[in-house]
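# Fold and geometry: a report
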Amino acid sequence: MVYFVEPQASDNSGIATLRSRTHSPGAFFRVGQTEVCYRFGDPENNMVDCCFTVSVTEVDNTPPQILFCPSDFTLASEVGTLGATATWPTPQAIDNAGPVTTQSASHNSGDFFQLGNTQVNYIFADQTGKTVQCTFTVIVRQVDTIPPAAQCPAHITRTAGLGVSSVRVFWDEPVVTDNSGDVTRESSHFSGQSFPIGDTVVMYTFTDVANNIATCTFTIAITQVDNTDPVVTCPADVVKVVSLNAQNSRASWDPPSATDNSGEVFLVLNTHSPNDFFTVGITMVTYTYRDPSNNMGSCVFDVIIIEVDSVPPTVSCPQDVTQTVPFGSFNPVSVTWMEPVTSDNSGNVVLVSRSRNPGDTFTLGPSTTVTYNYQDNSGNRAMCSFTVTVMQASDTQPPVFISCTNDQEVSIPLERSTADVTWNYLPTATDNSGVPNIQYRTRSPGVSIFQSGGQILALNVPVGLTLFTAIATDSGGNTAECQFSANVIQGDRVPPTLICPPDQTGSMESGSSTTTSVVFPEATANDNSGRAPSVTYSSNSPTAVFLQNPDGRTQLADNIGRGQTLVFVTATDDSGNTVTCTFTITVSAVDTTPPTITSCPQNQALQISTGGTTRSFTVSQAQATDNSGINPTIGYTTPNPGVSIFDNAVGSVFVNNVPVGVTIITVTATDGFNNMAMCTFTITISSNPPPTIICPPNQSANPDPGSTLAFLTFSKAVASDDSGITPNVQYVSNPAGVQFFDSFGDFIFAQNVVIGTTTVIATATDGANNMASCSFTITVDQITCPDDQFFTLQQGQNFVTFPQATATDNSGVQPTITYRSIPGGVAFDDSSAGIVRAFNVQGGTTTITATSTDSARCTFTLTVSVDAPPMINCPPDQPVITLRGGTTAFLTFPGATATDDSFVTPTIEYTSIPPGVSFFDSDTGDIFASNVGIGRTTVTATATDAGNTMASCSFTVTVTVNSPPQLLCPSDPATVQLRSSTGTTTAVSFPRPSATDDGGLPTLEYASTPPGIMFFESTGNTVLATNVNVGMTTVTVTATDTANNMASCTFELTVTGVDDTPPDVQCPPDIFQSISFGTTETVVRWDEPTVTDTSGQQTILISRSHTSGDVFAGGSPVSVTYIYADMSGNQGRCSFLVSIGMGIDTTAPVVVQGTCPSGVVQVIDINSAPQSVTWELPRATDNSNEVPTRMATHNSGDLFQLGNTEVIYTFCDSTGNCNRMCSFNVFLQEDAPTIRNCPSGAPLIVPADSFGFTAALVQYGPITSDGMLESQTHNTMRDLFEVNRIHNVRINYCNNEAVCRECSFQVNVIPVNSRPADTTPPTVTNCASDIERRVPLGSPDQFISWRTPTAIDPSGVRSSLNNQNYETQRTVAMGSSFLVEYIFEDAVGNTAYCAFSVSVSTTNGPNVFNCPSDITRIVPRGTQSISVSWADPTSSAGPYSSRSQNPGSTFQLGNTLVTYIFRSGSEVTVCDFIVRVIN
C-alpha cells in the first residue's frame, strides 16, 4: 500500500473539481513503476491532467533457514589416549531467494577431537550475503580399567578387663589410591566395633568408578586381664547455712559406697570425716578405695559453708511533728524533720521507701502518718513511723461588711405619724472564719427592728430620718458595724396610671408634600385622688403639633413627616406626680404615576422563502424610565397565538414563528407600584424564490481491497440563494446505502458505493425551506478472488496452485489481473488457463492481493504447513540414588512424551553418557534402566516421526555410595593431677568429639591404650574418663554410621602425681579513692588477682567478697578477699583494702527556679489594714540531699501594713552554707472607694414642685461610699436647685492612700408648665429568673450570687434603685428559700418592681467534681475587661449539659455568675461560681 498527498487545482472561475483519478492514497502498487493520473475540470468542462510515477522496489530481508543441525553428542576415550574421532551428518540450509552456500565450518566430520568439550560451527549465506549459523558440541570422555591400590593397617592387640567379653577397637582406615581419584570401600568390620576374646580377621574391599576391585586384610587379637578400678559413689555436695560472722561449723554426711568386679574393696584414705569442723567457704572431701588387684577408685565431693544475715536493721524515727499556720490559712504548708537514724550488723543500710519527704507540703486537718522502710544488704527490712499535724492559730480578725442595706424613704398619709418599713436587701458580711451572725439595733425610742426570713422589718418608725445599725459577730466574738436609715415622709407621692394608644400609621404621595396629618385615640389616665390627671402630648419631631378633636375622644397629629415619629404622653395629678408612656406614628409614601416609555422598537418588513409559513428574527429592546428612579419592568405581548417573544437581556428581543402578513407587538412598562405604560410596533412578512444548484460530473471508482464496496471523493455541488445566504446541500443515492461526509473543504467523501452504477441526488435548501436538486452517477468496477487456500508441503516441494481471480469492467473489455504476496518473495505463473502457480511459498499464512487493470483489488490467503520435527518432553532430573553396596544401580523413571504434526505418535529411543546403561519399556509408561554406574549419567531421549525427522531432550541420573562418617577428636586435655597421694588413678573430663555423617548422627565408642579406662558421656557435651592411670594414655574414638561405615581418631590423656601446694594468689595494692561532696558512694574498679599453680593447670575462683565495679560507700576501709583453688582442691587467698574519702561541702543551697515569688500585690478594702498576705513558699535544694533550713523576715499569712514591705528568705544547709538570693516585695494598697447610688448618663430632668417657684428640692441619694468624703459641690442625698438651669454635681471620696473616685452628674429643673407630667414607670432590665440550686445530698451550704438588675425610663433619666432586700451574693443553707425584691424609682417617683426566688434543695442528680471556687482578677485602672480561664468541672454522669460562659471568655468589671448544669436523666445538679473583676 502506498500513501501520498493528493494534488489540488484552481481556476479563474473560482471552481475546479476532481473529475477522475487512476489511484487513491493507500492503494496497492505492483513491484516496478506505476503512473498515477488526476483529472480536474472547471464549470465550462475545460480539463487539465496531473500525472506522477510511483516506484516499488522488491528487497530481500529474510536470512537463510537451517534445515538440519546435529545435536550435541559424546564419545569415549580410553585412559592414556588423548581423544577420539567424531563423525556426523552434514548440516543443511535453504533460502527463499535461491541456493545457499556454506561460508565456513570450524570442523569437519571425521576430525580428531581431544578430551573435553569442543564447539563445532557452520555458517551458511544466501545470494544477498545474509547468514545463519549451526552450532553443536562434541564431548570426549575417558574410561578406566585399572583397579585401586590399597594398604591395610598392621595387626592389632588389645586387652579386656575381668568379666568383659568384648572390647571396642579403633584403627586408622586403610590408605587407598586410584587413577580415577574416586573409590568406594566395603569392610567386614569397622573401626570402633566391639571384638570378642580371641583373633578376628578384618577384610576391606575397594571399588573405583569403573568397577575395578582391590582387597586387603589384618588381624585383631583380644586377651583378658583384671585392670578395673573399684567404683566409688560419693554423697552429694553438703551445703550448710550459718549466721553472719560465724567461725566454724560441723558438717555430716553418709559415707560413700564402693563396689568392685572382684567383690572385695578396702577404704584407703578419707581427707575428712562426718561431724568434722569446717570453715566458711568450700572444702573438698576425698575418699579412696582399692580392690585385691590394687586397682584404685576414689570420689570427691564438697562441703560448702554459707554465711547468711537474718538480723534486720534498727531504725529510730523523729518525734511526732506539729506545725501551726495563721488563722484562715488553708494553703498546704511545707514541713521538715530530721531523717531517721539507722544501724545494722552488716554496716550498710539502704532506704527502700518513705511515704513523705522532708519539705513536703501538708494540709490543715487530721494528722498524716509518715512511714520509712529500710533494708540491709541481705534484704532484711525494718520500718518506723511518726505523725505530722498542721494546726490553725486562733482568730483575732473582725468580720468585714461587704455591703449594707439601702436607705429607705416611705410616704404615709397626713393623718398617720409612724410607718412600718421593710428592707428586702439584707446586709452581707464576710469573715475569715466563715459567715458571721448579723443583729440589728436602733437608738430611736419605740422603734423595734428585726430580721424575718430574707427581710428586715422596722415597726413604728416616726416621721423623719431614723438611723439603724447592723452588727456582724464572728465565731471568735470579733464584731463589725454598718448603718442605714429610714426616712418617713407625709403626703401623696403616688403617680397616676396611664395607658397610651397603640402605634399609628399614615401615608403621603411620593415626591409631593413633606408632612401629613394623623388622627389617633386619646390616652387613658387615672389617679388615686379620684380626679382626672391632665394629659399632654409631645414628640421627637420639631414640626409636629398635637390638637384635640372636637369629639373629645381623638387627637390630631399635624405636620408629621415621612418615617417614624416617637410620641410622648404625660399624665400629671394635682400633687404634681407624673407618669409618661410612648407610642409611634409611621408615615409611608405612595406612588400613582405610571412609567414613561422613551424608546419603542421600529416597525419591521421581512421576506420568507417560497412555500415557507413563518419567520424568526431579532429587534432592539424597548427603553423606559420611572419617577421612582428604578427601571420599570418591560414585557412583550401579541394577539397571534403561535408567535413567541424572548428578551435576550443583551439589548435585543428574539421574535419566533411570525406568520406571513402583519403582526402587532405590544410593549408594556410597569413600575414597583404596578403603574403601567404601553406602546406597539408591527411586523410584515412576505414570501421569496428557491435557491439554484449545479452538480459535479459523473464519477468512477474501484472497490476497496477485499471488498465489493468503494470509497471515493468528489467535488461539492455549487448552490446559491437570493437571500445571500449559502443554502444547505444534502446528498442521497439510488440504490440507497451510500454514506456521504462533508470534508469541510471543497470535497464530499462517499463510502459503501456498490459495484455497478449509482445515481447521486444533491438537494439545496435555503432559509425559507425552498429547495432545488441535481444528480450525477458513480460507476464501480468488480474483481472476485478465490477462497482462502490450505496446503501441506512435502519434503523438497516449493510451490502450490490455486484458481485464478475473475474481473469485469464497465468498458466491456476483459481486464488483466496481477498478483502480489505479503510477505514478499512469492513468484506467480498464470500461463495455465484458470490456474495460478505460486513458487517459494513459506510455511504459515501468506496474504495474496489480486489487482485488475482498473486497479480493482481483492485478497485471499495461502496457509502452508511444513512437515516439522516432532515435539518431545523429558522427565526432570532424577533423585540421587545412594548405594549400600555394589557398583551399579537399577532404577525406574517416567518415560518421555512426544507428539508430531502428522498426528502419528513418534518412536522414542534412549541413550546414555557414559554408555553402557540398558533401557526397557514397561507396560505402565515407565522406563527401566540397569547398569547405571556411580556418578552422574546423562540420559538422552530421541523422538523420530514417520518422515524420519528427529527431536531429542535429556535429563540426569545421579548414583552415590554411602561414605564413612566425618570425625574430629578434641585437642589433648590439660594435664590432670591425682587428688590423693595414695591414689594411682583419677577421672579426667574432655569435650565430646565432633562427628557427622550423610546418613544421620553416628554412634561413638571409646577405647584406651593402656586399656581399663571407662568412658561416660554427659549431657553437657563432655565425656568423663575414669580409672585413668598416672602417665600418658591414648584414647581412640570410633564413629559408626547406620551403614556400619566407620571413622576413628585419637588423642592423649596425661595424669601426674598428687598436688598439695596451694595456688599463689597476688592481689592488687590497697585502693584509696576520694568522692565529691553530696555523693556517699562510688564505683571502684581494679585488675583481677594474678594466680599461678605448681601443677601448671587452670585454677578456679572459689569466692570473692566484692567484684570490680561494685559500689563502695564512704567511711571505714573495706577488705576485699579472693579465694582460688587448683584442680587438687588446694586453696590460696589474698586481700586488699578499699578506702573511700568523703568531700567537704562548700556549696550553698540553690533556690528552686520559679518558686521564689516575683512580688505580691494585694488590693484591700478601705480601712481594713493591716491585712494577712499569703504566697506560695519558695523551695531550695542542696547537694547534701538534705532539706535546707528556711528562714524569712516575714512569713506567708503574716499581717502587713499599707505600702511596700521587702520579704527576704534565707536557706542554709547543715554545714552552715547559706543562700539569701530569694527576696521580693509585698505591696498592700487600698482599693479606690466604692460609690453607691451615683446617678449617671443623661442629666436628671426634674420638674419644679409648682409653677412660679425659682428653685426645687431634688433628691438623688443617698450617695454613699466606703471611703472618706473629700469634697462635694452639693449634698450627698438631696439639695436645692434653680429652675431652667443645668447644675453640675461633683462628690469626691478618697481612701487612706489618697486614691479618690468622683461621682458627677447633672441636674436640670424644669418648671411644671414647661414639660408634660411623667406618669410612666421605669422598665426593669436584667431581672434574674428564679434561682433553684439542686445539689447532692450531704453537700455544704451554697454560695449564690446574681447580677444586679437595672432600669431605664422613657424620660431618658436613669432610674435609681430605691429598695432591695438582699445583696447580690450570700450563703444559702440547705433546704432554704427566699424572695429577692428590687424597687426602682425615676426622677418623678414612678416605681418599677423586680422579684425572683432563690432556693437550695437536694437532688439525685450526678455528683460534681472540681467545681471551681470564686475567681478574682485585678486589672489596671482604666481597663474594663479581662479574659479569664479555668478548668471545666466534671461529674459522675459525664461532661456538662450546658454552661453560661466558656473558659477564656472576656469578663467586664464587677461580678459575673458562671453556671454549669449537669444532668442524669431528669435529675439536675448545678455548679456555679463568681468571676470578680476589679481595678
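Data block above holds the structure.
Residues numbered from 1 in each chain as written. Predicted model: local features only at pLDDT ≥ 70, side-chain atom pairs only at ≥ 80, totals over all residues. Heavy atoms only, no water.

### Details of the overall build of the chain
Condition: Note on conventions: DSSP H or I runs of at least 4 residues are helices, E runs of at least 2 residues are strands, and numbering of each starts at the N terminus. Only the C-alpha atoms count toward the radius of gyration. The rule for a globule is 2.2 Å times the residue count to the power 0.38. For every residue, the accessible area obtained with a 1.4 Å probe (protein chains only) is divided by the maximum for its type, and the residue is called buried under 20%, exposed over 50%, and partly exposed between those limits. By the convention used here, residues are in contact when the closest approach between their heavy atoms is within 4.5 Å. Under the convention used here, Asp and Glu are negative, Lys and Arg are positive, and both His and the chain ends fall outside the count. Charge coordinates come from a single atom per side chain, which is NZ of Lys, CZ of Arg, CG of Asp or CD of Glu.
When you go through the chain residue by residue, the secondary structure sums to zero helices and 139 strands. A compact globule built from 1479 residues should have a C-alpha radius of gyration of about 35 Å, whereas the chain, at 66 Å, is more than 25% larger. Over its C-alpha atoms, taken along the principal directions, the chain stretches across nearly 165 × 150 × 55 Å. Buried positions account for 40% of the 1479 residues belonging to the chain. Restricting the contact set of the chain to residue pairs at least 6 apart, pairs at least 24 apart contribute 63%. Seen as two clouds, the 53 positive and the 127 negative side-chain charges of the chain have centres 12 Å apart.

### What to know about unusual backbone geometry
Following Asn-734, the chain continues to Pro-735 via a peptide bond in cis, the omega torsion being 5°. By the element assignment, Pro-735 lies in the loop between β68 (728–734) and β69 (739–742). For the bond running from Thr-1009 to Pro-1010, omega is 0°, close enough to zero to count as cis. Of note, Pro-1010 is situated in the loop between β95 (1003–1009) and β96 (1014–1017). Notably, Asn-674 is not glycine yet its phi reads approximately 65°, a positive angle. Topologically, Asn-674 is positioned in the loop between β62 (661–670) and β63 (676–688). Relative accessible area serves as the criterion here: at 63%, Asn-674 is assigned to the exposed category. Here Asn-1410, not a glycine, exhibits a phi torsion of approximately 60°, which is positive. If you trace the backbone, Asn-1410 turns up in the loop between β132 (1408–1409) and β133 (1415–1418). You can call Asn-1410 exposed: its relative accessible area is 63%.

### Looking at the packing of aromatic side chains
So the rule is basically this: Stacked, tilted and edge-to-face pairs are distinguished by plane angle, under 30 degrees for stacked and over 60 for edge-to-face with tilted covering the rest, among Phe, Tyr and Trp rings (Trp via its six-membered ring) whose centres lie within 6.5 Å. For a ring to carry a charge above it, either NZ of a lysine or CZ of an arginine must fall within 6 Å of the ring centroid while also lying within 35 degrees of the normal to the ring plane.
Per the counting criterion, the structure on display carries 58 aromatic pairs. One aromatic cluster is present, built from ring pairs that chain together Trp-171, Phe-195, Tyr-204, Phe-206 and Phe-218. Taking NZ or CZ as reference, Arg-356 lies 4.0 Å from the ring centre of Phe-362, over its face.

### Some remarks on the sheet that holds strand β43 (residues 455–462)
For the record, the criterion: Two strands form a pair only when DSSP identifies at least two bridges running between them. Fitted lines through C-alpha atoms give the axes, limited to the stretch in contact for helices. The angle between two N-to-C directions lies from 0 to 180 degrees.
Taken together, three strands build an open sheet; the order of strands is β38-β43-β42 and the sheet is antiparallel. Looking along the sheet, the strands with just one partner apiece sit at the ends: β38 (418–423) and β42 (448–452). Along the sheet, successive strands turn relative to each other by an average axial angle of 15°, direction set aside. Sheet topology note: the β38/β43 ladder contains five bridges and is antiparallel. Each residue of the ladder has a partner; that of Ala-419, found in β43, is Val-461.

### Thoughts on the environment of Gln-1272
The cut-off we apply is this: We define a polar contact as two N or O atoms separated by no more than 3.5 Å, with the added condition that, inside protein, one atom must be a possible hydrogen donor and the other a possible acceptor, whereas residues neighbouring each other in sequence contribute only through side-chain atom pairs.
Structurally, the position occupied by Gln-1272 is in strand β120 (residues 1268–1272). Distance from Gln-1272 to Ser-1304, taken between C-alpha atoms, is 9.7 Å for residues 32 residues apart in sequence. With residues up to four places along the chain from it excluded, the contact list for Gln-1272 reads Arg-1290 and Ile-1291. A distance of 2.9 Å separates a polar side-chain atom of Gln-1272 from the backbone oxygen of His-1274.

### Quick word on the side chain of Asp-1182
The cut-off we apply is this: Basic side-chain nitrogens of Lys or Arg form a salt bridge, by our definition, when they fall within 4 Å of a carboxyl oxygen of Asp or Glu.
By the element assignment, Asp-1182 lies in the loop between β111 (1180–1181) and β112 (1189–1192). Buried and unpaired, Asp-1182 has no salt bridge, with Arg-354 as the nearest side chain of opposite charge at 13 Å. The residues touching Asp-1182, leaving out its near neighbours within four places in the chain, are Asp-1145, Thr-1147, Ala-1148, Pro-1149, Pro-1188 and Asp-1213.

### Examining the state of the cysteines
Here a disulfide denotes a covalent bond joining the sulfur atom of one cysteine to the sulfur atom of another. Here is the rule: The disulfide criterion used throughout: a pair of cysteine sulfur atoms within 2.5 Å.
Scanning the model with the defined rule gives 18 disulfides in all. Residue pairing for Cys-874: its cysteine sulfur links by disulfide to Cys-953, the two sulfurs lying 2.0 Å apart. Since a negative S-S torsion denotes a left-handed disulfide, the Cys-874-Cys-953 link at about 85° is right-handed. Here Cys-953 lies in strand β90 (residues 950–961) and Cys-874 lies in the loop between β82 (871–873) and β83 (881–883), a separation of 79 residues in the sequence. Among the residues examined, Cys-874 registers a relative accessible area of 23% and is labelled partly exposed. Sulfur-sulfur distance for the disulfide between Cys-1212 and Cys-1218 comes to 1.9 Å. The sign of the 110° torsion about the S-S bond sets the Cys-1212-Cys-1218 disulfide as right-handed. Since its relative accessible area comes to 10%, Cys-1212 is described here as buried. In this structure Cys-1218 comes out as partly exposed when scored by relative accessible area, which is 29%.

### Some words on the sheet that holds strand β139 (residues 1467–1478)
Pairing is mixed across the open sheet formed by four strands, whose spatial order is β133-β139-β138-β136. Of all the strands in the sheet, just β133 and β136 (1442–1443) have a single pairing partner and so form its edges. Sheet topology places β133 next to β139; four bridges connect them, and they run parallel. Following the sheet pairing, Arg-1417 is matched in β139 by Val-1477.

### Description of the environment of Cys-1471
Structurally, Cys-1471 can be placed in strand β139. In this structure Cys-1471 comes out as buried when scored by relative accessible area, which is 2%. Among all residues touching Cys-1471, those that are not within four sequence positions of it are Val-1408, Cys-1411, Pro-1412, Pro-1433, Val-1458, Thr-1459, Tyr-1460 and Phe-1462.

### Observations regarding a nonpolar patch on the surface
The criterion, for reference: Every patch collects residues that have over 30% relative accessible area and no salt bridge, joining them within 9 Å if they carry like charges and within 5 Å if they are nonpolar side chains (Val, Leu, Ile, Met, Phe, Trp, Tyr). Only the protein chains shown count as cover for residues, and all accessible areas are computed by the Shrake-Rupley method using a 1.4 Å probe.
Taken together, the side chains of Val-239, Val-241, Ile-306 and Val-308 define a hydrophobic patch exposed on the protein surface, amounting to about 320 Å² of accessible area. Broken down by secondary-structure element, the contributors of at least two residues to the nonpolar patch are β21 (238–243) and β27 (296–308). The residue Val-239 is located in strand β21 in this model.

### Examining the pattern of salt bridges
For the coordinates displayed, the defined rule picks out ten salt bridges. Arg-356 is the partner of Asp-360 in a salt bridge, and the nearest nitrogen-oxygen pair spans 3.6 Å. The partly exposed category is assigned to Asp-360, whose relative accessible area is 24%. Among the residues examined, Arg-356 registers a relative accessible area of 23% and is labelled partly exposed. Arg-1104 is the partner of Glu-1088 in a salt bridge, and the nearest nitrogen-oxygen pair spans 3.4 Å. Placement of Glu-1088 in the loop between β102 (1081–1083) and β103 (1090–1092) and of Arg-1104 in strand β104 (residues 1100–1104) is noted, with a sequence separation of 16 residues between them. Judged by relative accessible area, Glu-1088 falls into the partly exposed class, the value being 36%. The class for Arg-1104 is partly exposed, based on a relative accessible area of 36%.

### Topic: the environment of Ser-252
Mapped onto the fold, Ser-252 is located in the loop between β22 (248–251) and β23 (257–259). In contact with Ser-252, other than residues within four places in its own chain, are Val-238, Pro-274 and Asn-275.

### Points about the pairing of strand β47 (residues 504–509)
Burial of β47 is one-sided: the residues Gln-504, Gly-506 and Met-508 facing one way are buried, the residues Thr-505, Ser-507 and Glu-509 facing the other way are not. Taken together, the six bridges between β47 and strand β54 (residues 578–590) define a ladder with parallel strand orientation. The partner of Thr-505 across the bridge, within β54, is Thr-586.

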